[in-house]
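# Structure at a glance
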Amino acid sequence: MTKEPIEVLDDLADQVADEFEAYRQPDEFKDVSLVIENSDKERPTLIVHVDREDAESLADRIDEFLREHGARTERERHSATDVRVLATVD
């Protein structure tokens, strides 16, 4: 049975959370935040928001991790400390 894209993204979000756990401390400001935007049911998007000094290098690592796990990625750069990696799957 083939999983729906939203299920694949949910699993991928869990993997990102595990892999980059050091940046997601529960009692502190999170350098990495995860959101699944699913207003378009046929093409949901995992948004990984990196908000920290030197955001680009961490975004590079996250982007590579997502691509290695089968996602297509794009980036939105809002400032040197605010980068979003957008991931979609088929």
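Going by the annotation in an unreviewed UniProt entry, the name recorded for the chain is DUF3194 domain-containing protein, with Halomarina ordinaria given as the source organism.

Let us now look at the pairing of strand S2 (residues 45-51). In terms of residue burial, S2 counts as a mostly covered element, since 5 of its 7 residues are buried. Where strand S1 (residues 32-37) meets S2, 6 bridges bridge the pair, whose relative direction is antiparallel. Within the sheet, the bridge partner assigned to Ser-33 lies in S2 and is His-49.

It is worth spelling out the nonpolar core at this point. The biggest cluster of nonpolar side chains holds 21 residues, and the ones touching the most others in it are Leu-46, Ile-62 and Leu-66. Elements with a contribution of two residues or more to this core: helix H1 (5-19), S2, helix H2 (55-68) and strand S4 (82-88). In terms of residues, this core owes the most to one element, H2, which gives 6 residues. Setting aside residues no more than four positions away along its own chain, Leu-66 makes contact with Leu-12, Val-16, Leu-46, Val-48, Ala-71, Thr-73, Val-85 and Ala-87.

Criteria and cut-off values
Residues numbered from 1 in each chain as written. Predicted model: local features only at pLDDT ≥ 70, side-chain atom pairs only at ≥ 80, totals over all residues. Heavy atoms only, no water. Buried < 20%, exposed > 50% of the residue type's maximum accessible area, 1.4 Å probe, protein only. Helix = DSSP H or I, 4+ residues; strand = E, 2+ residues; numbered from the N terminus. Pairing = 2+ DSSP bridges. Core = buried A, V, L, I, M, F, W, Y, C linked by side-chain atoms within 4.5 Å. Contact = heavy atoms within 4.5 Å.

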